[in-house]
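One letter stands for each residue in the lines below.
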Amino acid sequence: MAVAEKYKGTGLGVLTLMHALHKSLLAATEVALLAVFVEAIASDAATFYRKYGFIELPEHKLKLLLPMKTIAKSFSV
């Protein structure tokens, strides 16, 4: 997921992320999901994901995950 440079700071990135996380939470009722995994394209993108609770993998700081339990808590499920 990415937002064009001209849309940065408008909240579109957050809206897109929350929509994707909500969809993954709904999918988790049908299939076994452990986490949402992202690979950031740059360190500023990784910082964006960390702000929403994503955890970086020790061996690669641009690969992050967010456990489904954390997502469920965020949506009060």
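The rules behind each value
Residues numbered from 1 in each chain as written. Predicted model: local features only at pLDDT ≥ 70, side-chain atom pairs only at ≥ 80, totals over all residues. Heavy atoms only, no water. 1 Å grid on protein atoms, 1.4 Å probe; cavity = no way out; pocket = protein on both sides within 12 Å on 5 of 7 lines; lining within 4 Å. Points joined across faces, edges and corners; volume = space filled by probe spheres on them. Helix = DSSP H or I, 4+ residues; strand = E, 2+ residues; numbered from the N terminus. Nonpolar A, V, L, I, M, F, W, Y, C, P; charged D, E, K, R; others polar. Pairing = 2+ DSSP bridges.

> Any chance you could explain the layout of surface pockets here in plain terms?
Space left empty within the atom packing is revealed by a probe, the size of a water molecule, rolled over the atoms. By volume, the largest pocket is sized at about 540 Å³. If you trace the largest pocket, you find 22 residues lining it, with Met1, Ala2, Val3, Lys8 and Phe48 closest to the centre. It is helix H1 (residues 12-27) that provides the largest number of residues to the lining of the largest pocket, a total of 5 residues. For the lining of the largest pocket, the per-class residue count stands at 14 nonpolar, 5 polar and 3 charged.

> Honestly, the pairing of strand S3 (residues 60-67) in this entry has me stumped. Any pointers?
Side-chain positions along a regular strand alternate between the two faces of the sheet. Note: strand S1 (residues 35-39) against S3, 5 bridges, orientation antiparallel. By the bridge assignment, Ala35 is partnered in S3 with Pro67. Note that strand S2 (residues 55-57) and S3 share 3 bridges and pair antiparallel. Counted as the bridge partner of Glu56 is Leu64 from S3. Counting the residues that bridge the hairpin from S2 to S3 gives 2 residues.

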